[in-house]
Amino acid sequence: MIDFKRQLESLMMPLTVELFGDHGVAIDLQETRKEFNADFTLVVFPFLKFSKTSPEKTAEIVGSKLSTELSEINNFSVVKGFLNLNLSQEFVSKIFAGIESEKNFGITAANNTQPSVMVEYSSPNTNKPLHLGHIRNNLIGHSISNILKASGRNVVQVQIINDRGVHICKSMWAWKKFGNNETPEKSRLKGDHLVGKYYVLFDQEYKKQVSEKMSKGISEVDAKKSVACILEVQKMLLDWEAGDPEVVKLWKKMNEWVYSGFNETYQRLGIEFDKNYYESETYILGKSDIEEGLKRNIFFRKEDNSVWIDLTNDGLDEKIVLRSDGSSVYMTQDIGTAIQRFKDFEIDSLTYVVGNEQDYHFKVLFLILEKLGYKWAKRLHHLSYGMVDLPTGKMKSREGKVVDADDLLDEMESTAKQMSTELGKANSLSSKESQMLDKIIGHGALKYFILKVDPKKRMVFNPDDSVDFNGNTGPFLQYTHARISSLIRKAGFQKSIDLSDVHWNEKERDLVLGLSKFPEVIHNSAIDLNPSHIANYLYEIAKSFNSFYQKHSVLSAESKTISAYRLALCVQVAGVLRRGLNLLGIDAPEKM
RNA sequence: GGUUCCGUAGCUCAGCUGGAUAGAGCAUCUGCCUUCUAAGCAGACGGUCGCGCGUUCGAAUCGCGCCGGAAUCACCA
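What counts, and at which threshold
- Residues numbered from 1 in each chain as written.
- Chains lettered and ligands numbered in written order.
- Predicted model: local features only at pLDDT ≥ 70, side-chain atom pairs only at ≥ 80, totals over all residues.
- Heavy atoms only, no water.
- Helix = DSSP H or I, 4+ residues; strand = E, 2+ residues; numbered from the N terminus.
- Polar contact = N/O pair within 3.5 Å; in protein donor to acceptor, adjacent residues only side chain to side chain.
- Core = buried A, V, L, I, M, F, W, Y, C linked by side-chain atoms within 4.5 Å.
- Buried < 20%, exposed > 50% of the residue type's maximum accessible area, 1.4 Å probe, protein only.
- Domains from an automatic or database assignment.
- Contact = heavy atoms within 4.5 Å.
- Pairing = 2+ DSSP bridges.
- Axes fitted to C-alpha atoms, helices over the stretch in contact; angles between N-to-C directions.
- Parallel < 35°, antiparallel > 145°, perpendicular 65-115°, else oblique.
- Nonpolar A, V, L, I, M, F, W, Y, C, P; charged D, E, K, R; others polar.
- Right-handed = clockwise from strand over helix to strand, strands pointing away.
- Expected span 1.5 Å × (residues − 1).

*Asks:* How should the side chain of Ser-516 be read in this particular structure?
*Replies:* Mapped onto the elements of the fold, Ser-516 is located in the loop between helix 20 (506-515) and helix 21 (518-528). Among the polar contacts listed, one links the side chain of Ser-516 to the backbone oxygen of Leu-513, at a separation of 2.7 Å.

Following this line, the structure appears as structure tokens:
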């Protein structure tokens, strides 16, 4: 489907050139404000220089030219310097026919010859369960993957699991000390929660030991470094690196618990990855790339043997890439991992979904890879999203001020259940059906609540608001879809329709023109890496539909012809809502 | 202190390649279910778009300077 707005602009261009001469003035069509009852507005101010008359007069001249010469334009009106144009019924029909002619209007199927794009998201540590912050990350990452797919890209979704390091050793240490061989099976606790429990236990023990030491007159800084438990954890990490069989065995066991817990949560969220990278495998990467860059003078070695890159000419600082003992820093393995990924897959770009606290890190990473001469470095993106705050302030995992992902999903489901019971919606459904619906609606509410906000902005998560199912919410969109589905069910088989004589009323025109924007919205979301455009667009469509639905009857319209084309319109609205919601990872129920 | 991001209605957010009287939802208040799902619709109330200067026919939008908030600037992960 071609963009009819752009089509109109190019039709108008030669006409204005005819009127005022060719001065390179672009035609800028914008949507008419609601109160003026027209489809598009052409701002004539840019033409004043050449029309040499008042804005009103200029608009008159342009308006009469356009409406006489273009069959697409029916009539026009002038308000101040604004030329309001009305599209002809035939042209609206043509636009609608274009929408109908495509099976999955708005979605561009992936072309297999195209290079793929990799999206990395989630990337959890394996010492505690997922929380609200991960949920935002996951929802954005998954949604943007869907959106990229819908704009014709092949997508490889990956996560890197931070499965090694002091954090997991802390859990391991506490489990050995206090665990009594507790397992997820024995205590019927989800694996990631069980490991998280021992991480918390470690922290408590650590604090206890630190304060004991401090009471003996040792400074806090020294105490924190010298208490027994932290020394044992550090020893454990060294043993792990040395491949100590017993430590490795425990490490494997506890990580497995965490993975099964994560997978359960991912499944609930409807998320899956094409490949998991593990830090235990990637943390060695990058050193050889540094050595090579050192030979090419991209990096330099200081007297103490540490290796650095000087980025002061790029407005940044000097950055370390290898420690003086030759060991890696985060940057080292990120360099190596990026390079590895372009070897593993036929991709031409890579997008990292990571919080904005790491803006600087990624700026440096991309710059280094560019200096190393990788041409794909220009196509690395950091989808930097803002932190999620609670109404009470920042989330602090150490202080237990976190919203747990599983708890949150449970809560959303039970709220959905409560709502549908109150509204008497569940009566006509089997208990199995309504249970499914509670999940679809509860999760829909959560996903929409998070995705409707521009990712790069920090957002406040108020549980009371997220649980609201009225107004600009996921359930509202789902409800609209269910309403239409019900109409379609009742109408039965849909006849083919003749659009040639349709007289579109105002609400219908709004819908047709609204629907026509869907491909562009997807495209822009993909370019901006921003799912919120989709969310806000769907809300507009749904509002527009409900307003239409309230005012005009579909099944018992004035005539069968009207009924038929209205139904066809409904089918397209439902399709756009469903496909749009799916891009956000939200299911569109047929009943609710 | 340097760099980056943010500041729009009581609250949560749209709008930001410059365009008309700045939009939604929530909250508060009014109407609308003997008619296709009222998780809906129609309406009221609510604003010095952080402040100032500049560019422009025109600035929430662009530039500069302040004020306020956040992140980051580790031989941490």
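*Asks:* What is the right way to read the nonpolar core from this model?
*Replies:* Counting residues in each nonpolar core, the largest one holds 135 residues, and the members touching the most others are Met-12, Leu-66, Leu-87, Leu-132, Trp-504 and Leu-538. It is helix 23 (residues 560-583) that provides the largest number of residues to this core, a total of 11 residues. Shared between two domains, this core holds at least three residues of each, these being domain 1 (4-87) and domain 2 (165-275). Those residues in contact with Leu-132 that sit more than four places away from it in its chain are Val-388, Leu-390, Met-395, Val-403, Leu-408, Ile-450 and Phe-461. Of all hydrophobic cores here, the second largest spans 36 residues; its members include Ile-309, Val-321, Phe-342 and Val-364.

*Asks:* Explanation requested: the sheet that holds strand 4 (residues 82-87) in the structure shown.
*Replies:* Two pairing modes exist for strands in a sheet, parallel and antiparallel, and in both the strands are linked by backbone hydrogen bonds. Pairing in this open sheet of 4 strands is antiparallel, and the strands run 1-2-4-3 from one edge to the other. For this open sheet the edge positions go to strand 1 (29-31) and strand 3 (73-79), each flanked by a neighbour on one side alone. Neighbour to neighbour, the strand axes of the sheet diverge by 35° on average, direction disregarded. As judged from the 4 bridges shared by strand 2 (residues 40-43) and strand 4, these two strands associate in the antiparallel manner.

*Asks:* Sorry, what's going on with the packing of helix 21 against helix 22 (residues 532-551) here?
*Replies:* Angle between the axes and distance between the axes are the two parameters that describe a pair of packed helices. Contact geometry of helix 21 with helix 22 gives a least axis separation of 8 Å together with a crossing angle of 155°. Viewed along their axes, helix 21 and helix 22 adopt a mutual orientation that is roughly antiparallel. In this structure, helix 21 uses Phe-518, Val-521, Ile-522, Asn-524, Ser-525 and Asp-528 to contact helix 22, whose residues at the interface are His-533, Ile-534 and Tyr-537. Looking at the contact of helix 21 with helix 22 residue by residue, the classes come out as 5 nonpolar, 3 polar and 1 charged.

*Asks:* What is the right way to read the pairing of strand 5 (residues 116-120) from this model?
*Replies:* Successive residues of a regular strand alternate their side chains across the two faces of the sheet. Burial runs high along strand 5: 5 of the 5 residues are buried. Every second residue of strand 5 is oriented toward a common face, with Ser-116, Met-118 and Glu-120 on one face and Val-117 and Val-119 on the other, all of them buried. As paired strands, strand 5 and strand 6 (residues 154-161) are joined by 5 bridges and run parallel to one another. Of the residues in strand 6, the one forming a bridge with Val-117 is Val-155. Following the chain from strand 5 across helix 5 (residues 132-150) to the adjacent parallel strand 6, one finds a crossover that is right-handed.

*Asks:* Honestly, the environment of Thr-392 in this entry has me stumped. Any pointers?
*Replies:* Mapped onto the secondary structure, Thr-392 falls in the loop between strand 13 (388-390) and strand 14 (393-394). Given a relative accessible area of 65%, Thr-392 falls into the exposed group. Separated by 339 residues in the primary sequence, Thr-392 and Thr-53 have C-alpha atoms spaced 59 Å apart.

*Asks:* Honestly, helix 1 (residues 4-20) in this entry has me stumped. Any pointers?
*Replies:* Three- or four-residue spacings in an α-helix give side chains the same orientation, since the helix completes a turn every 3.6 residues. A rise of 1.5 Å per residue sets the reference length of helix 1, with its 17 residues, at 24 Å; its end C-alpha atoms lie 24 Å apart and thus fit the reference within 8%. Within the span of helix 1, buried status applies to Phe-4, Leu-8, Glu-9, Met-12, Leu-15, Thr-16 and Phe-20. Taking the backbone nitrogen of Lys-5 as reference, a side-chain oxygen 3.0 Å away marks Asp-3 as the first, capping residue of helix 1. Among the residues trailing helix 1, Gly-21 stands out with phi positive, at a value near 90°.

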